[in-house]
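Below are the chains, spelled out letter by letter.
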Amino acid sequence: MPKATETVLEIDLGALEHNYRFLRSRLNPETKFLGVVKAFAYGSDADRVALTLQTLGIDYFAVAYVKEGVALRNAGITRPILVLHPQPCNFGELIKHCLEPSLYSPRILKTFLAVAVESAQNSYPVHLKFNTGLNRLGFWENDIDFIAEQLKGRKEIRVKSIFSHLAASEDLAEREFTLGQIASFKKIAEEIELKLDQKPFRHILNTSGILNYVEAQYDMVRSGIGLYGFGNNPKIDAHLRPMATLKTVISQIHRLEPGESVGYNRGYTSVGYRTTATLPLGHADGIGRQYGNGNTYVTVNGKKALIIGNVCMDMIMIDVTEIDCNEGDEVIIFGSDPTASYFASTAHTISYELLTGISQRVKRIFIDR
Ligand SMILES: *Cc1c(COP(=O)(O)O)cnc(C)c1O
């Protein structure tokens, strides 16, 4: 790859393929695989990521909102797309683009059913989401009778799958809680089959679920972060490859006298003679102020350089006193070192938040598989 000449998010589609194959290899061959590509495929580029996964034979996609599904259809995605969190105002648009809604409450079921009846649908595929302990979105087990009543004799919609979401699949201290979620999901699934007289397929595992509770893979799994190179566990991370690398360049180098300050509100003061480098990215690009003031390092010519002072909107300053470097040299913000998960941890957050926060101002470039 040529060296960066400006701030870029480099997206390695070969790493995506590797991660997909690794996760697939942990599953039974007949288990379907859903790629979660919401939030621009976790801050990367949903179109390119989804098209790559579609070429690799992935079975399903999921996004959070209808708008994201429409964008995928316009990019040429023909596989089924599950919309995890649709809003009634978008149901018309959803049907127009053959997107499949997650129906997660009595209100959503009733409004979707009304739209399906009004537009004379025939067996429109829907997915029922059940709450088994996350207490975020989903029907409760005691809604099953209501669901059965609503769907009785209705040809307009067909329950294609039922699913639930684990609250702490990465946290082995919560094993008992997670096994409880899986057990109540199983019970709900059996009851649904009985009362609806349909046999929807089942899915409950996210990435950490695949890694820690593979016995509950049922008919499909849903993975996001794993595809992008993180398994919420150092042992697993060793088998995965981070897909995204955030790179930039040194815009300017300054040599400071002892006692000089750097940046807004004089956030840093030099003790002794220091050399600093200014980089063309800041909190408007998704690197927030929490990463400043010596909290986090970036890599310059293979060496660690601390972010000093306050992160600005369009710039950050780093200490390169001990590093042999020049204006125009490449700087790795995160990628293989530091990893996004380590970088995020320095600000008490997680790779998911750091990755999805990289703003649309940052140019995306691709390394083909
Ligand atoms: C985001 C999401 C996922 C993906 O979770 P990862 O931990 O990134 O694998 C799966 N299922 C649902 C319902 C989600 O909202």
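Residues numbered from 1 in each chain as written. Predicted model: local features only at pLDDT ≥ 70, side-chain atom pairs only at ≥ 80, totals over all residues. Heavy atoms only, no water.

K.L.:
Lay out empty space enclosed by the protein with the relevant residues and their values.
P.N.:
For the structure shown, the criterion picks out 2 cavities of 30 Å³ or more. Estimated volume of the largest cavity: approximately 70 Å³. Residue contributions to the lining of the largest cavity peak at 3 residues, all from helix α2 (residues 38–43). The residue makeup of the lining of the largest cavity, split by class, is 9 nonpolar, 2 polar and no charged. (1 Å grid on protein atoms, 1.4 Å probe; cavity = no way out; pocket = protein on both sides within 12 Å on 5 of 7 lines; lining within 4 Å. Points joined across faces, edges and corners; volume = space filled by probe spheres on them. Helix = DSSP H or I, 4+ residues; strand = E, 2+ residues; numbered from the N terminus. Nonpolar A, V, L, I, M, F, W, Y, C, P; charged D, E, K, R; others polar.)

K.L.:
Explain the state of the cysteines residue by residue, including any values.
P.N.:
Tallying each qualifying case throughout the model produces 0 disulfides. A disulfide-free cysteine, C98 has its sulfur positioned 19 Å from the sulfur of C89, the nearest such atom. Cysteine C312 is unpaired, with the sulfur of C325 as its nearest cysteine sulfur at 18 Å. (Disulfide = S-S within 2.5 Å.)

K.L.:
Kindly report on the packing of aromatic side chains, identifying the contributing residues and their values.
P.N.:
Across all of its chains, the model carries 11 aromatic pairs by this definition. A ring pair is formed by Y20 and F33, whose centres lie 5.1 Å apart and whose planes are at 80°; its orientation type is edge-to-face. One end of the pair, Y20, is in helix α1 (residues 13–25); the other, F33, is in strand β2 (residues 32–36), with 13 residues separating them in the sequence. For the pair shown, Y20 and F33 are each scored as buried. For the pair F91 and F112, a centre-to-centre distance of 5.0 Å together with 90° between the ring planes defines the contact as edge-to-face. Here the residue F91 occupies a position in helix α5 (residues 91–96), and F112 occupies one in helix α6 (residues 106–118), the gap between them amounting to 21 residues. Residue F91 shares its accessibility class with F112, and that shared class is buried. Each member of the aromatic cluster is reached from another via a ring pair, and the members are Y42, Y228 and Y352. K32 extends its terminal NZ or CZ atom over the ring of F201, reaching a point 4.4 Å from the ring centre. For R48, the ring lying beneath its charged end belongs to F366, and the centroid distance is 4.2 Å. (Phe/Tyr/Trp six-rings, centres within 6.5 Å; stacked < 30°, edge-to-face > 60°. Buried < 20%, exposed > 50% of the residue type's maximum accessible area, 1.4 Å probe, protein only. Lys NZ or Arg CZ within 6 Å of the ring centre and 35° of its normal.)

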